[in-house]
Amino acid sequence: NALSKRLHVEVYQNGSIYEMEFSKGKPTRPLKVIGETEKHGTKVTFLPDDSIFTVTVYEYDVLLKRFGALAFLNK
């Protein structure tokens, strides 16, 4: 969160969709309910801060393996 130019989070919980945005670790919009859903989970969209990261292009295969390992370890 603190390493992002922009971080957008959607949480699907209790029949509602919650949304919030951050920039460099600080909220840019308050938490709000934006709709209804039967989904469960969280969607995070992250735009890295190029003033912190020297490389902002990611290798899909590396991320796929890492996220797969994390998904296996975490509920």
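If you're wondering where the values come from, they're calculated on a predicted model, not measured in any experiment. (Residues numbered from 1 in each chain as written. Predicted model: local features only at pLDDT ≥ 70, side-chain atom pairs only at ≥ 80, totals over all residues. Heavy atoms only, no water.)

Participant: Quick rundown of the sheet that holds strand β2 (residues 16-23)? Include the residues and the values.
Facilitator: If you walk across this open sheet you meet the 4 strands as β3-β2-β1-β4, and the pairing is antiparallel. The open sheet is flanked by β3 (26-36) and β4 (41-48), the only strands paired with a single partner. Averaged over neighbouring strand pairs, the angle between their axes works out to 10 degrees when direction is ignored. Pairing geometry for strand β1 (residues 4-13) and β4, over 8 bridges, is antiparallel. The partner of E10 across the bridge, within β4, is K43. (Pairing = 2+ DSSP bridges. Helix = DSSP H or I, 4+ residues; strand = E, 2+ residues; numbered from the N terminus. Axes fitted to C-alpha atoms, helices over the stretch in contact; angles between N-to-C directions.)

Participant: Before we move on, could you go through a nonpolar patch on the surface and cite the residues and values that matter?
Facilitator: Together, L3, V44, F46, I52, Y58, L63 and F67 make up an exposed nonpolar region whose accessible area comes to about 650 Å². Listing elements by their share of the nonpolar patch, those giving two or more residues are β4 and α1 (60-73). Of note, L3 is situated in the segment before β1. Owing to a relative accessible area of 41%, L3 belongs among the partly exposed residues under this scheme. (Patch = residues over 30% accessible without salt bridge, like charges linked within 9 Å, V, L, I, M, F, W, Y side chains within 5 Å. Areas by Shrake-Rupley, 256 points an atom, 1.4 Å probe, with all protein chains shown as cover. Salt bridge = Lys/Arg side-chain N within 4 Å of Asp/Glu carboxyl O. Buried < 20%, exposed > 50% of the residue type's maximum accessible area, 1.4 Å probe, protein only.)

Participant: Report on the confidence of the model for the chain, specifying residues and quantitative values.
Facilitator: Here the chain averages 92 in pLDDT, while 99% of its residues score no lower than 70. Within the chain, the element-level pLDDT minimum falls on α1, averaging 89, and the maximum on β2, averaging 97. (pLDDT = per-residue confidence, 0-100.)

Participant: I'd love a proper account of unusual backbone geometry, names of residues and values included.
Facilitator: Phi is positive for N14, which is not a glycine, with a value near 55 degrees. Counting through the fold element by element, N14 comes out in the loop between β1 and β2. On the accessibility criterion, N14 (63% relative accessible area) is exposed. Located in the positive-phi region is K24, a residue other than glycine, with phi close to 50 degrees. Its location among the elements puts K24 in the loop between β2 and β3.

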